[in-house]
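What follows is each chain in one-letter form.
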Amino acid sequence: MNLFFIHGFAGSPSDWDELLSLISNDFKTHVLSYPEQIIDFENPEKLAEYFRAEIRALCGEPYLICGYSMGGRLACLADDENCQGLILLSTSTGIAEKDKNKRVEFDNKWAQLALTNRNKFWENWYKQEIFQGFNDLPKSKQEMLFSYKEKHEPKKLAHLLTKISPARHKSLKQSIKSQKGVLYIAGERDKKYCGMGEKLSILPNVEFIKLPNCGHMVHIENSIECADAINSWYRRQLNGTK
């Protein structure tokens, strides 16, 4: 089975390296990159169209998409008739209408900080509650993550935050409901996204797995158990069990 990976906000294809080394040989893996001219993409749907075209160019066969955070949201929007399911890591299903203005304010604040002081932006970004697992990573891994994140241009960071925000697209629940199968993974220390996973798990096509000893970045903080969850879920899909 073809399995495509879409990384999260200001990430890198190399974010998946450790997980890929543990993924079953049942998969033919493809790691997608965000377009260089990201500012040309004015909303999540347009960026999802880019990824859909990339997938079609690489594969005319059935496939799955695995996305982390922003990448998971884009995966929900990028599927087509060949998509056999989604693997969503720490992925928001969208923002309620009543909360969208508050989220826009949140995004604008972070975008302004990225434009004025990129170093302080990254320092503060990983102090957010959902990223508490970041400080538990080995220093070498923290430095690796910072090394390429600091290369992102401030204006591109600001664009992603404001234009590809979850406040900029419709709820993704209908897309999730329409899938043949969905695996939703969140880390036990990430209460917000565990809550989302628990709510989604009432759907007959969704399986929620809460990974131990990690927070938001499940594929980086606990790559072994994340890969095992993906491999096991796919075997259950083949066997016709949830």
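Note: the structure precedes this text.
Residues numbered from 1 in each chain as written. Predicted model: local features only at pLDDT ≥ 70, side-chain atom pairs only at ≥ 80, totals over all residues. Heavy atoms only, no water.

(A) Region of the structure containing the overall build of the protein chain. When helices and strands are tallied, the protein chain shows eleven helices and six strands. The globule rule puts the C-alpha radius of gyration for 242 residues at 18 Å, and the 17 Å found for the protein chain is close to it. With the principal axes as the frame, the protein chain shows a C-alpha extent of 50 × 35 × 35 Å. Burial statistics for the protein chain: of 242 residues in total, 55% are counted as buried. When contacts within the protein chain are restricted to residue pairs at least 6 apart in sequence, those whose partners lie at least 24 apart make up 71%. In the form shown here, the protein chain has an accessible surface area of approximately 11300 Å², with 48% of it arising from carbon and sulfur atoms. (Helix = DSSP H or I, 4+ residues; strand = E, 2+ residues; numbered from the N terminus. Rg over C-alpha atoms; globule rule 2.2 N^0.38 Å. Buried < 20%, exposed > 50% of the residue type's maximum accessible area, 1.4 Å probe, protein only. Contact = heavy atoms within 4.5 Å. Areas by Shrake-Rupley, 256 points an atom, 1.4 Å probe, with all protein chains shown as cover.)

(B) Summary view of unusual backbone geometry. Positive phi, close to 55°, is recorded for Ala-10, a residue that is not glycine. Mapping Ala-10 onto the fold places it in the loop between β1 (2-6) and α1 (17-20). By relative accessible area, which is 3% here, Ala-10 ends up buried. For Asn-213, which is not glycine, the phi dihedral falls at a positive 60°. Residue classification places Asn-213 among the exposed positions, given a relative accessible area of 57%.

(C) Highlighting helix α2 (residues 44-58). With 15 residues, α2 extends 21 Å between its outermost C-alpha atoms, agreeing within 8% with the 21 Å of an ideal straight helix rising 1.5 Å per residue. Considered for burial, the residues of α2 that qualify are Pro-44, Leu-47, Ala-48, Phe-51, Arg-52 and Ile-55. Taken down its axis, α2 places every buried residue within 145° of arc, on the same side. Structurally, α2 contributes buried residues whose contacts are with β1, β2 (28-32), β3 (63-68), α3 (70-78) and α7 (154-163). For α2, the N-terminal cap is Asn-43; the gap from its side-chain oxygen to the backbone nitrogen of Glu-45 is 3.1 Å. (Expected span 1.5 Å × (residues − 1). Arc of directions from axis to C-beta. Polar contact = N/O pair within 3.5 Å; in protein donor to acceptor, adjacent residues only side chain to side chain.)

(D) Fine view of the pattern of salt bridges. This model, assessed by the stated rule, comprises 13 salt bridges. Lys-100 serves as the salt-bridge partner of Glu-97, at 3.1 Å between the closest nitrogen and oxygen. Note on Glu-97: relative accessible area 63%, which makes it exposed. A residue is classified by how much of its surface remains accessible, and Lys-100, at 13% relative accessible area, is buried. (Salt bridge = Lys/Arg side-chain N within 4 Å of Asp/Glu carboxyl O.)

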